[in-house]
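Tertiary structure, described
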Amino acid sequence: MENNQNYHDQENRKNILRMREVLTTLPPFCKQFFRGIENQTSARTRLAYAYDVRLFFEFLHEQNSICKKMEIVDYPMELLDQVCREDIEEYMDYLSLYTKDGMEITNDERGKARKLASLRSFYNYYFKNELIRTNPAALVPMPKLHEKEIVRLDPNEVAILLDQVEDGSKLTKNQMRFHNKTKVRDLALLTLLLGTGIRVSECVGLNIEDVDFDNLGIKIRRKGGYEDIVYFGEEVEEALQSYLEERSHVVPVSGHENALFLSIQNRRITVRAVENLVKKYTSLVTSLKKITPHKLRSTYGTTLYQETGDIYLVADVLGHKDVNTTRKHYAAMKDENKRKAAKTIRLREDV
């Protein structure tokens, strides 16, 4: 049951408990690494590292004849010194396609890069603390990342999307049954995501008291745990007001009274539910683009950058601590604008 203290604190607690479970499946010396990075990382980041480290040990257990002879939990720290660069290169190749719990899993270059980064941090900790003699993870180059085109909704697609949420004309009969119950909520939620660029986790974590209509702002908890105020315009205000009017007649499940957005079961809506909601409506608008809540964030960031040309403003509003993160995502648009400028100027009229 969710208590009313704070959604993000609840999620943090879940991640800490999951982390403890994962640690029971890892060699005991791993605890030292996770204690060592505790002050610089969130519980969610440490959990991601733990899953990645466990996958590496599972690879060794499956592929290495020496490691196969003992259980993962019995691996000694000295094993890290016995792993060589070639082992880690084979691991990177293994990540392209492997089977786990009867399912085939693949990783693209970004997935591989993240897992190698986790392994580098892991090895680096023991190497810097002089607990191991070698650092083979540092010898393996990071996969070359190819620039991905920003997938976003065009302005006309945004308008069609919001119209669909209101009238639902393209929904199936079964979807329409639920649509009548949820359309005011869905419109408020999607308008908020598109009108502020907040993350889906920030959205589902909102409480009613976090909305300030006097200043047209919402108080959110960013990645990293710090609080931030994000401002919204009239369209978001109207959609939220309509939803809160409807929301005032709903009796939430105990422990979910403060949640802004509720599910059909009258509990705080989950990230997965929002992802499904976005997929349902956007598939009615475009079959070529795979739109997720994060792509709605990209849509907002793109529009803001096109309107202002101010990368620092976009970084600030999106809650990027490092403007280079923002620049990396939106730099390609700058080139596009430069090319447009080049084509605009005609030196001589055609004869």
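Residues numbered from 1 in each chain as written. Predicted model: local features only at pLDDT ≥ 70, side-chain atom pairs only at ≥ 80, totals over all residues. Heavy atoms only, no water.

**Brief notes about the overall build of the chain**
A tally of helices and strands in the chain yields 15 helices and five strands. Within the chain, the proportion of its 351 residues that are buried is 43%. Considering only contacts in the chain between residues 6 or more positions apart, those separated by 24 or more positions represent 60%. If you sum the accessible surface of the chain, you get close to 20,700 Å²; carbon and sulfur atoms cover 49% of it. (Helix = DSSP H or I, 4+ residues; strand = E, 2+ residues; numbered from the N terminus. Buried < 20%, exposed > 50% of the residue type's maximum accessible area, 1.4 Å probe, protein only. Contact = heavy atoms within 4.5 Å. Areas by Shrake-Rupley, 256 points an atom, 1.4 Å probe, with all protein chains shown as cover.)

**Observations regarding unusual backbone geometry**
A negative phi angle is the norm for most residues apart from glycine, just as the trans form is the norm for most peptide bonds. A positive phi is found at Asp101, a non-glycine position, where the angle reads about 50°. Tracing the backbone shows Asp101 in the loop between β1 (97-100) and β2 (103-106). Assessed through its relative accessible area of 75%, Asp101 is described here as exposed. Positioned with a positive phi, Asn266 is a non-glycine residue whose angle comes to about 65°. Asn266 sits in the partly exposed class, given a relative accessible area of 24%.

**A few points about the sheet that holds strand β5 (residues 227-231)**
Read from one edge to the other, the open sheet built from three strands follows the order β3-β4-β5, with strand pairing classed as antiparallel. Here the strands that pair on one side only, and so sit at the sheet edges, are β3 (211-212) and β5. Across five bridges, the pairing between strand β4 (residues 217-221) and β5 is antiparallel. Within β5, the residue paired with Ile220 across the bridge is Asp228. (Pairing = 2+ DSSP bridges.)

**Here we look at the packing of helix α1 (residues 7-23) against helix α3 (residues 43-63)**
Between α1 and α3, the shortest axis-to-axis distance is 9 Å and the interhelical angle comes to 25°. In this view, α1 runs roughly parallel relative to α3, as classed from their interaxial angle. Crossing of α1 over α3 shows left-handed handedness. Between α1, through Asn12, Asn15, Ile16, Arg18, Met19 and Val22, and α3, the contact on the second element is made entirely by Ala43, Arg44, Arg46, Leu47, Ala50, Tyr51 and Arg54. Of the residues contributing to the contact of α1 with α3, the split by class is seven nonpolar, two polar and four charged. (Axes fitted to C-alpha atoms, helices over the stretch in contact; angles between N-to-C directions. Parallel < 35°, antiparallel > 145°, perpendicular 65-115°, else oblique. Left-handed = near helix turned anticlockwise from the far one by under 90°. Nonpolar A, V, L, I, M, F, W, Y, C, P; charged D, E, K, R; others polar.)

**What about the pattern of salt bridges?**
If you walk through the whole model with that rule in mind, you get 15 salt bridges. A salt bridge links Glu58 to Arg54; its shortest N-O distance comes to 3.9 Å. Taken together, the positions of Glu58 and Arg54, both in helix α3 and four residues apart, correspond to about one turn of that helix. Classification of Glu58 by relative accessible area gives partly exposed; the value is 22%. In this structure, Arg222 and Asp228 form a salt bridge, with 3.1 Å as the shortest nitrogen-oxygen distance. By relative accessible area, which is 21% here, Asp228 ends up partly exposed. What emerges from the salt-bridge pattern is a single network uniting Arg199, Glu202, Arg222 and Asp228. (Salt bridge = Lys/Arg side-chain N within 4 Å of Asp/Glu carboxyl O.)

**Quick look at the packing of helix α13 (residues 293-308) against helix α14 (residues 311-318)**
Packing of α13 against α14 leaves a shortest axis separation of 9 Å and a crossing angle of 150°. The angle between α13 and α14 falls in the class roughly antiparallel. Viewed along their axes, α13 and α14 form a crossing whose handedness is right-handed. Along its contact with α13, which presents Arg297, Tyr300, Gly301, Leu304, Tyr305 and Thr308, the element α14 presents Ile311, Leu313, Val314, Val317 and Leu318.

**Let's talk about the packing of aromatic side chains**
Taken as a whole and assessed by the stated rule, the structure comprises 21 aromatic pairs. Ring geometry for Phe56 against Phe59: centres 6.4 Å apart, planes inclined by 25°, an arrangement best described as stacked. Highlighted residues: Phe56 and Phe59, both in helix α3, separated by three residues, approximately one helical turn. Of the two residues, Phe56 and Phe59, neither departs from the other in class, the shared state being buried. (Phe/Tyr/Trp six-rings, centres within 6.5 Å; stacked < 30°, edge-to-face > 60°.)

**Concerning the pairing of β1**
As judged from the four bridges shared by β1 and β2, these two strands associate in the antiparallel manner. Residue Thr99 lies in a different strand from β2, and its bridge partner there is Glu104. Linking β1 to β2, which pair antiparallel, is a turn of two residues; within it Asp101 sits at a positive phi near 50°.

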